[in-house]
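Coordinate inspection notes
The primary structure of each chain is shown beneath.
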Amino acid sequence: IQGSSADPTLNISGYPNPFRGNAIITYSIPENGAVKLQVFNAIGMLTAEPVNEVKSSGKHTITFAPAHLAEGIYTFKLDFAGTEKSGSVMLKMFYK
């Protein structure tokens, strides 16, 4: 499953979906900049923030291991702020 923005160089994907245990989250950013990846539950509550730092342009991969989460649908929100470009993309995944 993949989420994308108007800028094709800003995107996020995750597998497996649904996931149990770990999920692999891959995202791409168009230039160096501040990246924040947040995870929200079905009622919009922030449940995790696995990335909150400056990253270099290109593709990045993290392993998300949500031992503290209950089963349900989660929204992964990627916020990016660079020098010339910025944006947000979202991805929905099911944890069971």
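I will try to describe carefully the structure that is included in this document. Because the structure is predicted, anything quoted here is derived from the model rather than measured.

1. Observations concerning the environment of Y74
Checked against the element boundaries, Y74 lands in strand β7 (residues 72-82). Sequence separation between Y74 and H60 is 14 residues; the distance between their C-alpha atoms is 20 Å. Once residues lying within four places of it in the same chain are set aside, the contact partners of Y74 are V39, F40, N41, T47, L69, L91, K92, M93 and Y95. Side-chain polar atoms of Y74 contact the backbone oxygen of A70, separated by 2.7 Å.

2. Comments concerning the sheet that holds strand β8 (residues 86-95)
Spatial ordering of the open sheet is given by β5-β4-β7-β8, a layout of four strands whose pairing is antiparallel. Strand pairing shows two members of the sheet lacking a second neighbour, β5 (46-55) and β8, which therefore form its edges. Mean inter-strand twist for the sheet, computed between neighbouring axes without regard to direction, equals 15°. As paired elements, strand β4 (residues 33-40) and β7 share eight bridges and run antiparallel to each other. What sits directly across from K36, in β7, is D79.

3. Focus: the packing of aromatic side chains
Taken as a whole, this structure holds two aromatic pairs when the rule is applied. When the centroid spacing of 5.0 Å and the interplanar angle of 45° are considered together, the rings of F19 and Y95 count as tilted. Taken as a pair, F19 in the loop between β2 (11-15) and β3 (23-29) and Y95 in strand β8 lie far apart in primary sequence, 76 residues in all. The burial state of F19 is the same as that of Y95; both residues are buried. Centre to centre, the rings of F64 and F76 are 5.4 Å apart; their planes meet at 85°, and the pair counts as edge-to-face. With F64 in strand β6 (residues 58-64) and F76 in strand β7, this residue pair connects regions lying twelve residues apart in the sequence. Assessed through its relative accessible area of 5%, F64 is described here as buried. By relative accessible area, F76 is classed as buried at 0%.

4. Some thoughts on the nonpolar core
The biggest cluster of nonpolar side chains holds 23 residues, and the ones touching the most others in it are I12, I25, L37, F64, F76 and L78. Residue assignment for this core shows that the elements contributing at least two residues are β3, β4, β5, β6, β7 and β8. Every residue in contact with L78, bar those within four places of it in the chain, is listed here: L10, N11, I12, Y27, V35, K36, L37, G87, S88 and V89.

Rules and cut-offs
Residues numbered from 1 in each chain as written. Predicted model: local features only at pLDDT ≥ 70, side-chain atom pairs only at ≥ 80, totals over all residues. Heavy atoms only, no water. Helix = DSSP H or I, 4+ residues; strand = E, 2+ residues; numbered from the N terminus. Contact = heavy atoms within 4.5 Å. Polar contact = N/O pair within 3.5 Å; in protein donor to acceptor, adjacent residues only side chain to side chain. Pairing = 2+ DSSP bridges. Axes fitted to C-alpha atoms, helices over the stretch in contact; angles between N-to-C directions. Phe/Tyr/Trp six-rings, centres within 6.5 Å; stacked < 30°, edge-to-face > 60°. Buried < 20%, exposed > 50% of the residue type's maximum accessible area, 1.4 Å probe, protein only. Core = buried A, V, L, I, M, F, W, Y, C linked by side-chain atoms within 4.5 Å.

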